[in-house]
Amino acid sequence: LTGLIIEETKRIINLIEQFDKFGDLRKPELKNINIHDILENVKSISKVHSNRNISFSDDYDPSLPLILGDRVQLEQVFVNLIDNSAYALKDVDNGVITLRTYFEKGLSILTSDGLKIKLPLQIEVEDNGAGISDDLLDKIFDPFISGSINGTGLGLALVSKIILSHNGLISVSSKKNKTKFKVSLPILTDKVK
């Protein structure tokens, strides 16, 4: 019973921390950062936590420019995405999480204040797990929607909130043995009126 109480206490503390992060309305502290530094740091952290049957692969475009972002918030985004991938791979032999970066023209958003912002920097987190069911796929970024038994449904909602606060976009595609989260971020010099 003591072990059960300790585990449930940890779960409740984790839940409270997630609510706290989700309710944080702090604007990003934007600084010039290298997205690959963030990904490598998160990968190191995740290797400590992840199952031994999971390996990491990366396919980085080394020519990508620095971006303007909040390092702490973006690390949280990729920790959450990699944790979700690791969960999807818990029953998979030889699970692989692939981190990919590349430059792609053509995608842009229009902000509420009328700025058109190009989103050429692409970051993908892909795994070879069972995939996300079709009924969850369309609402995966909504709060309190979870595909795991003990999930709070706040992790991906927080990811979406952070990416939107960076004037970016996040999308997901999933089929058997391939789930891919794609984050599209701006480069500061690409803002136009």
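(A) Seen up close, the overall build of the protein chain. A tally of regular secondary structure across the protein chain gives five helices and ten strands. Within the protein chain, the proportion of its 193 residues that are buried is 41%. Put simply, 73% of the contacts in the protein chain that link residues at least 6 apart link residues at least 24 apart. For the protein chain, the computed accessible surface area is about 11,200 Å², with 53% contributed by carbon and sulfur atoms.

(B) Seen up close, the side chain of H36. Tracing the chain through its elements places H36 in helix α2 (residues 35-49). By relative accessible area, H36 is classed as buried at 11%. Look past the residues within four positions of H36 in its chain and what remains in contact with it is Y60, D61, P62, L64 and T101.

(C) Focus on the pairing of strand β8 (residues 169-175). Because side chains alternate across β8, one face comprises the buried residues I170, V172 and S174, and the other comprises L169, S171, S173 and K175, none of which is buried. Pairing analysis gives seven bridges linking β8 to strand β9 (residues 178-185), with the strands arranged antiparallel. What sits directly across from S173, in β9, is K180.

(D) Quick look at helix α5 (residues 155-165). By the burial criterion, the buried members of α5 are L156, A157, L158, V159, S160, I162 and I163. Backbone geometry just after α5 places N167 at a positive phi near 55°.

(E) Focus on the pattern of salt bridges. As enumerated under the stated definition, the model contains nine salt bridges in all. Across the pair E126 and R100 runs a salt bridge whose closest N-O atoms are separated by 3.1 Å. Within this pair, whereas E126 is found in strand β7 (residues 121-127), its partner R100 is found in strand β4 (residues 95-103), the two being separated by 26 residues in sequence. The class of R100 is buried, set by a relative accessible area of 19%. When the shortest N-O distance is used, the salt bridge between E124 and K180 registers 4.0 Å. Placement of the pair is E124 in strand β7 and K180 in strand β9, with a sequence separation of 56 residues. One salt-bridge network, held together by shared partners, links D59, R100, E124, E126 and K180.

(F) Quick peek at the nonpolar core. Counting 39 residues, the largest nonpolar core has F78, L81 and I97 as its most contacted members. Top contributing element to this core by residue count: helix α3 (residues 71-88), with seven residues. Once you skip the residues sitting within four places of it in the chain, L81 turns out to touch V125, L156, V159, I170, F181 and V183.

(G) Layout of the sheet that holds β7. With mixed pairing, five strands are arranged side by side in an open sheet as β2-β4-β7-β9-β8. Looking at the sheet topology across the chains shown, the edges are occupied by β2 (54-59) and β8. Averaged over all adjacent pairs, the angle separating strand axes in this sheet is 15°, with direction ignored. Relative to β7, β4 runs antiparallel, the two being bridged by seven bridges. Across the sheet, the residue bridging to T98 is E126, located in β7. On the sheet, α3 packs against β2, β4, β7, β8 and β9 and is oriented at approximately 25° with respect to β7.

Cut-off values and rules
- Residues numbered from 1 in each chain as written.
- Predicted model: local features only at pLDDT ≥ 70, side-chain atom pairs only at ≥ 80, totals over all residues.
- Heavy atoms only, no water.
- Helix = DSSP H or I, 4+ residues; strand = E, 2+ residues; numbered from the N terminus.
- Buried < 20%, exposed > 50% of the residue type's maximum accessible area, 1.4 Å probe, protein only.
- Contact = heavy atoms within 4.5 Å.
- Areas by Shrake-Rupley, 256 points an atom, 1.4 Å probe, with all protein chains shown as cover.
- Pairing = 2+ DSSP bridges.
- Salt bridge = Lys/Arg side-chain N within 4 Å of Asp/Glu carboxyl O.
- Core = buried A, V, L, I, M, F, W, Y, C linked by side-chain atoms within 4.5 Å.
- Axes fitted to C-alpha atoms, helices over the stretch in contact; angles between N-to-C directions.

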